[in-house]
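Here are the chains, one letter per residue:
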Amino acid sequence: MTETSIVLTGAGIGQGIALGPVLRMSDPLPEPEATPSTRTPDEEKARVAEAVQVVAADLRERAGKVTGTAAEVLEAQSMMAEDSSLAADVASRIDSGTTAERAVFEGFGVFRDMLIGLGGYMGDRATDLDDVAQRVIAALEGRPAPGVPESDRPFILVATDLAPADTALLDLTKVLGLVTREGGPTSHTAILAREKAIVAIVGVAGADDLAEGTEVILDAGAGTVTAAPTTAQSDEARRRIAERESALSGGLEPGALADGTPVPLLANLGSAEGAEKALAAGAEGVGLFRTEFLFLDARMAPTVEQQREQYVKLLQAFPGKKVVVRVLDAGADKPLEFLNDAHEDNPALGLRGIRSLRANEDILREQLTALAEADAATEADLWVMAPMVATVEETRYFVRLATEFGLKTVGVMVEVPSAALLADRVLREAAFASIGTNDLTQYTLAADRLLGSVAGFQDPWHPAVLRLIGEVGSAGAAYGKPVGICGEAAADPLLAVVLVGLGATTLSMSPAALADVRLSLTRYTLDQARTLAEVALAADGAAEAREAVRTAAAGFHP
């Protein structure tokens, strides 16, 4: 009898391989019926208040068990549960005679739609809000919230999507990998999976058809889910898993190509708390420190003293090492009450990044003050950069202002195609450039990177994106100035080689991705990396570029 298998595709996170049986997440709770309440409004409101308190406390308790991005996400969810505007909306619905369960369902639904309408960072929080609503309704109904099922043996978890509260606390001795129908490479599921080094494939259209107990192979590098694999396929997967585990245990040497060309591997961090994990993973410094964690969910901008304390904590963890700090990247898609919370119809193209900071220069000056003071008090090699720079004039503005505060190495992020196309002029002014591939891809292909309907366009392998990266790399080489990559593209082990071939001098990523990228770099020389870059640029689309590079790379390592 001939064995047959089914192959599904999605966006792979990392480069891992996993093999195991499917275990499906429980279905969401059913929509509460729209029937009149038999309780008084005060009784229903008291029930909601108690349920919200229980859910918020549970989320905070979960946050206390983890660190880094996971802790930040769970803390943010606990604040969502207790949001005063949401509470007022739910109370108003109860006053009209609705049950607590239905009021929560409808009220949270309105806010969810509002977040989706905002798009960008706020749009991606809609899934988080859905999870909070489910937990509150479950508490009202006296039943467990939908979550990861229990299992006595390791499994591949399959779900529509995974809530941050579940992803953050996955038992890694049991969960071999994740498959989700929804989400893209920048969703919270993907970010947390990458942070926890879980093999994951997200955005798999046929995930709902994977039956419980079916054996599947996840190949994150290829972005494939092979259901009911043949015996030969299963044996090959086991061989590759063992080979990869052996290779990854080889140590934490500095990043370098096969011919010895150094390619420093740096970490992307969202708070100083992630420093220890980054160093343990072999990070040679920090390529992107996001300062938003100090500002988001705050009603007032943090003081210079509060900021300096956090920057000192970060810099002290990396004495003598390069630490690249991005000043506040906020604005219309991450509205801050004290910065810019005005509604914009198209926030991804609105007053954000350096534009927003220029409109509120006192906040930028305070941040630069805090960074300069932290730099003077520590021994790290501090680099500072501005987000969302689109013009040479913006480059001059930021470099001049940051230099006034005594900051020595001042650069810009290249996330807008105009900055990439004028990279030679931008790098005449700036000390370095750091390419944010997530936004560069979004703006190059005119596709919101957090909108599922256009997720297929959000692929940094696209030759148009790679050509822009090459422009920046060439300008960096011409002026002898560093060009880093700090977007998610740097975490793709094969694409990382292509990026070096395009002129990237450093790569920065989630600490969990460092080992795979370090291993991949050791397999190619600089000449081979440049050849692979040419192969990618010659393709017509992202899928073609990826496949052409894989084929060419296999020729180097038959």
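About the criteria used
Residues numbered from 1 in each chain as written. Predicted model: local features only at pLDDT ≥ 70, side-chain atom pairs only at ≥ 80, totals over all residues. Heavy atoms only, no water. Helix = DSSP H or I, 4+ residues; strand = E, 2+ residues; numbered from the N terminus. Rg over C-alpha atoms; globule rule 2.2 N^0.38 Å. Buried < 20%, exposed > 50% of the residue type's maximum accessible area, 1.4 Å probe, protein only. Contact = heavy atoms within 4.5 Å. Lys, Arg positive; Asp, Glu negative; His and termini not counted. Charge placed at Lys NZ, Arg CZ, Asp CG, Glu CD. Pairing = 2+ DSSP bridges. Expected span 1.5 Å × (residues − 1). Phe/Tyr/Trp six-rings, centres within 6.5 Å; stacked < 30°, edge-to-face > 60°. Lys NZ or Arg CZ within 6 Å of the ring centre and 35° of its normal. Core = buried A, V, L, I, M, F, W, Y, C linked by side-chain atoms within 4.5 Å. Axes fitted to C-alpha atoms, helices over the stretch in contact; angles between N-to-C directions. Parallel < 35°, antiparallel > 145°, perpendicular 65-115°, else oblique. Left-handed = near helix turned anticlockwise from the far one by under 90°. Salt bridge = Lys/Arg side-chain N within 4 Å of Asp/Glu carboxyl O. Polar contact = N/O pair within 3.5 Å; in protein donor to acceptor, adjacent residues only side chain to side chain.

**Digging into the overall build of the protein**
- The helix and strand inventory of the protein stands at 22 helices and 16 strands.
- For a compact globule of 558 residues, the expected C-alpha radius of gyration is about 24 Å, and the protein comes in at 24 Å, within 12% of that figure.
- Each of the three principal axes of the protein carries a C-alpha extent, and together these read 75 × 75 × 40 Å.
- Counting only residues that meet the buried cut, the protein has 54% of its 558 residues in that class.
- For the protein, the share of sequence-separated contacts (at least 6 apart) that also reach a separation of at least 24 residues comes to 68%.
- Considering the protein, the positive charge centre built from 48 side chains and the negative charge centre built from 80 side chains are found 3 Å apart.

**Section: the pairing of strand 4 (residues 155-159)**
- Counting buried residues along strand 4, five of its five residues qualify, which places the element largely inside the surrounding structure.
- Residue alternation in strand 4 divides its side chains into two sets, Phe155, Leu157 and Ala159 and Ile156 and Val158, and both sets are buried.
- The pairing of strand 3 (residues 17-24) with strand 4 spans three bridges and is classified as parallel. Across the sheet, the residue bridging to valine 22 is isoleucine 156, located in strand 4.
- Bridge count for strand 4 against strand 5 (residues 175-180) is five bridges, and the pairing is parallel. Looking across to strand 5, one finds that phenylalanine 155 is bridged to valine 175.

**Examining helix 14 (residues 392-404)**
- Compared with an ideal rise of 1.5 Å per residue, which puts 13 residues at 18 Å, helix 14 spans 18 Å between its outermost C-alpha atoms and is within 8% of the ideal.
- Looking only at helix 14, the buried set comprises Val392, Glu394, Thr395, Tyr397, Phe398, Val399, Leu401 and Ala402.
- Once helix 14 ends, the next one or two residues include glycine 406, with phi positive near 90 degrees.

**Details of the packing of aromatic side chains**
- By the definition in use, this model includes two aromatic pairs.
- Centroid distance tryptophan 383 to phenylalanine 432: 4.8 Å. Interplanar angle 50 degrees. Geometry classified as tilted. With tryptophan 383 in strand 12 (residues 381-386) and phenylalanine 432 in the loop between helix 16 (423-429) and strand 14 (433-435), this pair connects stretches of sequence that are 49 residues apart. Both residues of the pair, tryptophan 383 and phenylalanine 432, belong to the buried class.
- Centre to centre, the rings of tyrosine 524 and phenylalanine 556 are 6.5 Å apart; their planes meet at 75 degrees, and the pair counts as edge-to-face. Residue tyrosine 524 is found in the loop between helix 20 (514-521) and helix 21 (526-537), and its partner phenylalanine 556 is found in helix 22 (residues 542-556); the two are separated by 32 residues along the sequence.
- Overall, the relative accessible area of 28% leaves phenylalanine 556 in the partly exposed class.
- The ring of tryptophan 383 carries lysine 322 above its face, with NZ or CZ at 4.0 Å from the centroid.
- The side chain of arginine 358 reaches across the aromatic face of tyrosine 397, ending 4.0 Å from its centre.

**A look at the nonpolar core**
- Grouped together as the largest cluster of nonpolar side chains are 96 residues, with contacts concentrated most on Phe398, Val498, Leu499 and Leu507.
- Here phenylalanine 398 is in contact with Val327, Ile354, Leu364, Leu368, Val384, Met385, Ala386, Val410 and Gly411, once residues within four sequence places are set aside.
- Ranked by size, the runner-up nonpolar core spans 33 residues in total, among them Val66, Ala70, Leu86 and Ala138.

**Considerations on the sheet that holds strand 13 (residues 409-414)**
- Within the closed barrel, the eight strands sit side by side as 9-10-11-12-13-14-15-16. Their pairing is parallel. On average, adjacent strands in this sheet sit at an angle of 25 degrees to one another, irrespective of strand direction.
- Relative to strand 16 (residues 506-509), strand 9 (residues 265-269) runs parallel, the two sharing three bridges. Its bridge partner being in strand 16, leucine 265 is matched across the sheet by leucine 507.
- Helix-sheet contacts for helix 14 involve strand 12 and strand 13, and the interaxial angle to strand 13 is about 150 degrees.

**Let's talk about the packing of helix 19 (residues 493-501) against helix 20**
- Put simply, helix 19 and helix 20 touch, their axes get as near as 8 Å, and they point 55 degrees apart. The pairing of helix 19 with helix 20 is recorded here as oblique in orientation. Regarding helix 19 and helix 20, the two cross each other, and that crossing is right-handed. Contacts from Pro493, Leu494, Ala496, Val497 and Val500 of helix 19 reach helix 20 at Asp516, Val517, Ser520 and Leu521.

**A short note on the pattern of salt bridges**
- Per the stated rule, a full pass over the model turns up 28 salt bridges.
- Here aspartate 208 ties to arginine 24 by a salt bridge, and the two come within 3.8 Å at their closest N and O atoms. Placement of the pair is aspartate 208 in the loop between strand 6 (199-202) and strand 7 (215-219) and arginine 24 in strand 3, with a sequence separation of 184 residues.
- Of the charged contacts in the structure, one is a salt bridge between aspartate 58 and arginine 62, with a shortest N-O distance of 3.0 Å. Placement of both aspartate 58 and arginine 62 in helix 1 (residues 41-63) is noted, with a separation of four residues, approximately one turn of the helix.
- Bridged by salt links that share partners, the residues Glu31, Asp89, Arg93, Arg102 and Glu106 form one connected network.

**With respect to the sheet that holds strand 7**
- The strand order across the open sheet formed by eight strands is 1-8-7-3-4-5-6-2, and the pairing between neighbours is mixed. The outermost strands of the open sheet, each flanked by one partner alone, are strand 1 (6-9) and strand 2 (11-13). Neighbour to neighbour, the strand axes of the sheet diverge by 30 degrees on average, direction disregarded.
- Pairing geometry for strand 7 and strand 8 (residues 224-227), over four bridges, is antiparallel. Each residue of the ladder has a partner; that of isoleucine 217, found in strand 8, is threonine 226.

**Focus on the environment of glutamine 134**
- Within the element layout of this structure, glutamine 134 appears in helix 6 (residues 126-141).
- For the pair glutamine 134 and arginine 47, spaced 87 residues apart in sequence, the C-alpha to C-alpha distance is 15 Å.
- Contacts of glutamine 134, omitting those with residues within four sequence positions, involve Pro28, Leu29 and Pro146.

**Some remarks on unusual backbone geometry**
- If you check the backbone angles, methionine 388 has positive phi at about 60 degrees while not being a glycine.
- When you line up the elements, methionine 388 lands in the loop between strand 12 and helix 14.
- Of note, alanine 446 is a non-glycine position whose phi angle comes to about 55 degrees, a positive value.
- In this fold, alanine 446 is placed in the loop between helix 17 (437-444) and helix 18 (463-479).

**Some words on helix 19**
- Counting buried residues along helix 19, nine of its nine residues qualify, which places the element largely inside the surrounding structure.
- Taken together, the buried positions of helix 19 are occupied by Pro493, Leu494, Leu495, Ala496, Val497, Val498, Leu499, Val500 and Gly501.
- Capping the start of helix 19 is the job of one residue whose side-chain oxygen sits 3.2 Å from the backbone nitrogen of leucine 494: aspartate 492.
- Phi turns positive one or two residues past the end of helix 19, at glycine 503, with a value near 115 degrees.

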